[in-house]
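Structural overview for review
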Amino acid sequence: MQSEKPKMQDTQQAALEFLQDTLSDQRGLALMHGPEGSGKSAVVARFLDSIPDTVAVANIDGTRLHAPEFLTRVLDQFGYGVELDTASDMLKMLKVIVTHLTRSHEAPVLVVRNLGAMYPSCLAVLCSLASQRVRQRYALRIILVGERPYHRVIDSPRMGAIAQRLVGRFDLEHVEEKQLPELIVTLNGQVVQEFEFPGTRALIGRSDFCDVHLDEICVSRQHALLIRDENALILFDLRSRNGTFVNSIEITTRVLHDSDIISIGDHRLKVVLPDYFSVTSDAATSAGDTARMKRIEDARREKLRRHMQMTVNEGQKA
């Protein structure tokens, strides 16, 4: 155990130096990723401590943030708490402040943690900030931190403003860990979210309370529910207004397979399942087993629907 500790310390030191070098690079944007327990928080803390007090810094946890909340937190941490009505006005104000800080002192630094848990509206704001220039130089230094590389998101055409500034990507630690089921969410052919399934259930819909948030008017507030039952992933339609489709077929309940495509409104959710998940085809399941599974799933669905409704009601009261 003692022999592994210096290796982790060396990796974290290399990550720290990578982030520090990013600030001196004219592009000034980097991505650091690593699994839970790899020391990302410790590296970020040491990195922030190394930044001079004269430099404005915002350290933001992006988990479940929409654009207005994200912008409000950045403005507050840059020392400019303002009350504005729209995200557009906040973004304009932030750009004015960044310009002022860059011209008066040094370029401010923005650290965004939990990149993969941000809503797409925040990614659009990041792209807009990443493209801002002052005196032919990029105005804001940006460090993006997440659990995985997020290649599909960062390398997508709509993220070009970030990709062209990327100094590099630092993998904090290569580890062998059990893979999780994943949904790759696209809209109009562009990846807007990558959702890992760490728990036993996930709610899909338009409500902010949903784990997979689909911001589209034809999507019901609580549209569908995913249940993980040991090594199977089961999808339930929650009596949605416009239906839930898997591989273009409308479903009420469906055991999902790798590469299945879930269609909800204009969104497409590609299912990515690890090798250890069940790969038994529907056709190979006997009629008796199918009927018994259906009864079990119906009972679970009703129980979980009541639980989710109670959870939503409690959240609305809070």
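Scroll up to find the structure this text is about.
Read on for an overview of the structure.

So, about the overall build of the chain. From N to C terminus, the chain includes 8 helices and 18 strands. Relative to its full complement of 318 residues, the chain shows a buried share of 45%. Long-range pairs, those at least 24 residues apart, make up 61% of the contacts in the chain with a sequence separation of at least 6. In the form shown here, the chain has an accessible surface area of approximately 16600 Å², with 49% of it arising from carbon and sulfur atoms.

This next bit is on the sheet that holds strand β11 (residues 212–213). Hydrogen bonds along the backbone pair up the strands of a sheet, which may run parallel or antiparallel. Read from one edge to the other, the open sheet built from 5 strands follows the order β11-β10-β12-β13-β16, with strand pairing classed as mixed. Looking at strand neighbours, the two that pair on one side only are β11 and β16 (253–255), the edges of this open sheet. Across 3 bridges, the pairing between strand β13 (residues 232–237) and β16 is antiparallel. The residue of β16 that forms the bridge with Ile 234 is Val 255.

This part covers the pairing of β13. Here β13 lies mainly inside the structure; 6 of its 6 residues are buried. One ladder, built from 6 bridges, connects strand β12 (residues 224–229) with β13; its direction is antiparallel. Bridged to Ala 224 within β13 is Asp 237.

Here we take up helix α3 (residues 67–77). Since the α-helix packs 3.6 residues into each turn, any two residues three or four apart lie on the same face. Of all the positions in α3, only Ala 67, Phe 70, Leu 71, Val 74 and Leu 75 are classed as buried. Relative to the axis of α3, the buried residues are bounded by an arc of 130 degrees and lie together on one face. As for α3, its buried residues are in contact with β2 (57–61), α4 (87–104), β3 (109–113) and α5 (120–130). Once α3 ends, the next one or two residues include Gly 79, with phi positive near 90 degrees.

Quick look at the side chain of Ser 263 now. Note that Ser 263 resides in strand β17 (residues 261–264). Setting aside chain neighbours within four positions, we find Ser 263 in contact with Gly 243, Thr 244, Phe 245 and Arg 268.

For the rest of this paragraph, the subject is the sheet that holds β2. Taken together, 5 strands build an open sheet; the order of strands is β2-β3-β6-β1-β7 and the sheet is parallel. Only two strands of the sheet have a single neighbouring strand rather than two, namely β2 and β7 (166–171). Across the sheet, the mean angle from the axis of one strand to that of its neighbour is 15 degrees, orientation sign disregarded. On the sheet, helix α2 (residues 40–50) packs against β1 (29–33), β2, β3 and β6 (141–146) and is oriented at approximately 170 degrees with respect to β3. In this fold α5 packs onto β1, β3 and β6, with an angle of close to 155 degrees to the strand it touches most, β3.

On to α2. The complete set of buried residues in α2 reads Lys 40, Val 43, Val 44 and Phe 47. Across the axial projection of α2, the buried residues extend over an arc of 100 degrees, all falling on one side. Of the exposed residues in α2, those oriented more than 90 degrees away from the buried face are Ser 41 and Asp 49.

Attention shifts here to the nonpolar core. If you look at the biggest cluster of nonpolar residues, it comprises 43 residues, and the most contacted ones within it are Phe 70, Leu 110, Leu 126 and Leu 144. When sequence neighbours within four positions are dropped, the list of residues in contact with Leu 110 reads Ala 58, Ile 60, Phe 70, Val 74, Leu 126, Leu 129, Leu 140, Arg 141, Ile 142 and Ile 143. Val 185, Phe 197, Leu 235 and Leu 269 belong to the second-largest nonpolar core, a separate cluster that totals 23 residues.

Conventions we followed
- Residues numbered from 1 in each chain as written.
- Predicted model: local features only at pLDDT ≥ 70, side-chain atom pairs only at ≥ 80, totals over all residues.
- Heavy atoms only, no water.
- Helix = DSSP H or I, 4+ residues; strand = E, 2+ residues; numbered from the N terminus.
- Buried < 20%, exposed > 50% of the residue type's maximum accessible area, 1.4 Å probe, protein only.
- Contact = heavy atoms within 4.5 Å.
- Areas by Shrake-Rupley, 256 points an atom, 1.4 Å probe, with all protein chains shown as cover.
- Pairing = 2+ DSSP bridges.
- Arc of directions from axis to C-beta.
- Axes fitted to C-alpha atoms, helices over the stretch in contact; angles between N-to-C directions.
- Core = buried A, V, L, I, M, F, W, Y, C linked by side-chain atoms within 4.5 Å.

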